[in-house]
Amino acid sequence: MIFPGVIDEHVHFRDPGMTEKGDIMTESRAAVAGGVTSFFDMPNTTPQTTTIEAWEAKMARAAEVSAANYAFFLGATNNNIDEILSADYTRIPGIKLFMGSSTGGMLVNRDDMIRKLFSSFHHVIACHAESEDVIAANKARLLLQYPGGIPVGLHSSLRSREACIEATRKAVTLAKETGARLHVMHLTTADELEFFE
């Protein structure tokens, strides 16, 4: 039996900057071995893919070594809206918006910037939806209990259901208000499904 190749629209190949974890060559070969023939890589690399120059460097690297079809998201920051709006989205699948802090320090936490992105950007907004305010409050509370450091086992208390629900609600509400093309990455709770029609 023959199946069509899988398109994985959310990978972290960590190339450039963290290639000890994997790179475009090794990870694309692993993808193809598993039936994935196309991948979309996230921008939280080192350096971050938040400029056209960094995006072009990743494209050049993939052209040399990738075993699969490839695309690379451009990352949003609090300061690169002009770069985002001037990019060519016939070649870029969209932008990645981190509403909660994550690997790579690409947090966009200014409400004015988030609203401007949703209002001005007319392509796919791939959103990591966690509320930084809720995470910060959880962290402060947990550090009172564990001043030497929060145990890894309390990850779900730090990045709680409420953090996910609040951010997804906000993103979906903004998308409905502005007509933005929102794609919420990795939904965490069943409750978040209620925000989608």
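Caption draft 1: Up close: the overall build of the protein chain. Assigned secondary structure in the protein chain consists of 7 helices and 7 strands. Taken from N to C terminus, the helices and strands of the protein chain fall in the order β-α-β-α-β-β-α-β-α-β-α-α-α-β. Dimensions of the protein chain, computed from the C-alpha atoms along their principal axes, are close to 50 × 40 × 40 Å. The burial tally for the protein chain puts 43% of its 197 residues in the buried class. Partitioning the intrachain contacts of the protein chain with sequence separation of at least 6 by distance along the chain shows that 71% fall at a separation of at least 24. Total accessible area computed for the protein chain in this model is approximately 10300 Å², and 53% of it derives from carbon and sulfur atoms. Counting 18 positive and 25 negative side-chain charges, the protein chain places the centres of these two groups 2 Å from one another.

Caption draft 2: Fine view of the packing of aromatic side chains. Under the defined criterion, the tally for this structure stands at 6 aromatic pairs. Ring centres of Phe-39 and Tyr-70 lie 6.5 Å apart, and the angle between their planes is 40 degrees; this geometry places the pair in the tilted category. With a gap of 31 residues between them, Phe-39 in strand β2 (residues 36–41) and Tyr-70 in strand β3 (residues 69–72) connect regions that are remote in the sequence. Since its relative accessible area comes to 0%, Phe-39 is described here as buried. Residue Tyr-70 is classed as partly exposed on the basis of its relative accessible area, which comes to 29%.

Caption draft 3: Up close: the pattern of salt bridges. Following the criterion strictly, the structure yields 8 salt bridges and no others. Arg-110 is paired through a salt bridge with Asp-112; the nearest N and O atoms lie 2.9 Å apart. In this structure Arg-110 comes out as partly exposed when scored by relative accessible area, which is 35%. Asp-111 is paired through a salt bridge with Lys-170; the nearest N and O atoms lie 2.4 Å apart. On the criterion of sequence distance, the pair formed by Asp-111 in helix α4 (residues 111–120) and Lys-170 in helix α7 (residues 161–178) is long-range, its members being 59 residues apart. Each of the salt bridges in this network shares a partner with another, and the network as a whole consists of Asp-15, Asp-23 and Arg-61.

Rules of the game
- Residues numbered from 1 in each chain as written.
- Predicted model: local features only at pLDDT ≥ 70, side-chain atom pairs only at ≥ 80, totals over all residues.
- Heavy atoms only, no water.
- Helix = DSSP H or I, 4+ residues; strand = E, 2+ residues; numbered from the N terminus.
- Buried < 20%, exposed > 50% of the residue type's maximum accessible area, 1.4 Å probe, protein only.
- Contact = heavy atoms within 4.5 Å.
- Areas by Shrake-Rupley, 256 points an atom, 1.4 Å probe, with all protein chains shown as cover.
- Lys, Arg positive; Asp, Glu negative; His and termini not counted.
- Charge placed at Lys NZ, Arg CZ, Asp CG, Glu CD.
- Phe/Tyr/Trp six-rings, centres within 6.5 Å; stacked < 30°, edge-to-face > 60°.
- Salt bridge = Lys/Arg side-chain N within 4 Å of Asp/Glu carboxyl O.

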